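Residues per chain, in single letters:
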Amino acid sequence: YIVSKAVLIVSEDNTDIQKFADLKGKKAGQSLTSNLTQIAKSNGAEIVATEGFNQAIDLLTSKRVDATVNDGLSYLDLKKQKPDAPIKKVDESADASHSAAVFNKGSEDLIKAVNKALADMKADGTYLKISEKYFGADVSK
């Protein structure tokens, strides 16, 4: 029901980092328990350990790191809540993480009803309206 990609986030005035490959030799604020850290590492970033998204953004805005590879939905939420935050997204992964609802086995009728409701919401524009209200973008793809 929702899709998120890894995004590369830098300070709004950064012109050196435009894509993941530009992380080589740069400091990236990353949670050590996150799968997204591997993207930064594989692109040659020096990892600066953080406790999560908020700390990574704090380090970025205070210029103690050059970038962070993080969850696209978290980035969209932050920019929706704080549109003037001095950061920007410069790249995103091709692969996406798809989230779904979990149901008990044997709940086929409920699964069908939820899938129909989601399909109806997408068809009539309700899903897009909700998506844009909370994230400022279409988070279904």
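All residue numbers here refer to positions counted from 1 along the written sequence of the relevant chain. Reporting of local features is limited, given that this is a predicted model, to residues whose pLDDT is at least 70; pairs of side-chain atoms are given and counted only at 80 or more, and all residues count toward the totals for whole chains, interfaces and linings. Side-chain numbers come from the whole structure's heavy atoms, not from hydrogens or water.

1. Points about the overall build of the protein chain
1) Next: Helix and strand content of the protein chain: five helices and five strands.
2) Next: Only DSSP runs of H or I covering at least 4 residues are called helices, and only runs of E covering at least 2 are called strands; the numbering of each starts at the N terminus. Starting at the N terminus, the α and β elements of the protein chain follow one another as β-β-α-β-α-β-α-β-α-α.
3) Next: Referenced to the eigenvectors of the C-alpha coordinate spread, the extents of the protein chain come out at roughly 50 × 30 × 25 Å.
4) Next: Expressed as a percentage of its 141 residues, the buried residues of the protein chain come to 32%.
5) Next: Note on areas: these come from Shrake-Rupley sampling with a 1.4 Å probe, and a residue is covered only by the protein chains present in the view. By element, 50% of the accessible surface of the protein chain is carried by carbon and sulfur atoms, the whole surface being about 8,700 Å².
6) Next: Between the centroid of the 20 positive side chains of the protein chain and the centroid of its 20 negative side chains there is a distance of 1 Å. With a 1.4 Å probe rolled over the protein chains alone, any residue whose accessible area is under 20% of its type maximum counts as buried; one over 50% counts as exposed, and the rest are partly exposed. His is not counted, nor are the chain ends, whereas Lys and Arg count as positive and Asp and Glu as negative. Charged side chains are reduced to one point each, which is NZ for Lys, CZ for Arg, CG for Asp and CD for Glu.

2. Looking at helix H2 (residues 53–61)
1) Next: For H2, every residue scored as buried is listed here: Phe 53, Ala 56, Ile 57, Leu 59 and Leu 60. Buried residues along H2 cover an arc of 160° about the axis, so they all sit on one side.
2) Next: In this structure, the buried side of H2 is in contact with strand S1 (2–11), strand S2 (27–31), strand S3 (46–50), strand S4 (67–71), helix H3 (72–81) and strand S5 (87–99).
3) Next: Trailing H2 by a residue or two, Lys 63 shows a phi angle of about 65°, which is positive. The directions considered for the arc are those from the helix axis to the C-beta atoms. We call two residues contacting when some pair of their heavy atoms lies within 4.5 Å.

3. So, the pattern of salt bridges
1) Next: Salt bridges, as used here, are contacts in which a Lys or Arg side-chain nitrogen is within 4 Å of a carboxyl oxygen on Asp or Glu. Here the structure, examined in full by the defined rule, presents six salt bridges.
2) Next: A salt bridge links Asp 22 to Lys 19; the shortest N-O distance between them is 3.3 Å.
3) Next: A salt bridge links Asp 120 to Lys 116, with the nearest nitrogen and oxygen atoms 2.7 Å apart. With Asp 120 and Lys 116 both in helix H4 (residues 108–124) and four residues apart, the pair spans about one turn of that helix.

4. Some words on the pairing of S2
1) Next: Among the five residues in S2, four count as buried, and that is most of the element.
2) Next: By the bridge criterion, five bridges tie S2 to S3 in an arrangement that is parallel. The residue of S3 that forms the bridge with Gln 30 is Ala 49.
3) Next: Think of it like this: strands point away, you trace from the first strand over the helix to the second, and a clockwise trace means the crossover is right-handed. Once the chain exits S2 it traverses helix H1 (residues 36–42) before rejoining the sheet at S3, and the crossover so formed is right-handed. If DSSP finds at least two bridges between two strands, the strands pair.

5. Thoughts on the side chain of Ser 131
1) Next: The residue Ser 131 is located in helix H5 (residues 126–135) in this model.
2) Next: On the basis of relative accessible area, Ser 131 is assigned to the buried category, the value being 3%.
3) Next: We call two N or O atoms a polar contact when they sit within 3.5 Å, provided that within protein one can donate a hydrogen and the other can accept it, with sequence-adjacent residues counted only if both atoms are side-chain atoms. Here Val 139 takes part through its backbone nitrogen, which lies 2.9 Å from a polar atom of the side chain of Ser 131.
4) Next: Beyond its immediate stretch of four places on either side in the chain, Ser 131 contacts Gly 136, Ala 137, Asp 138 and Val 139.

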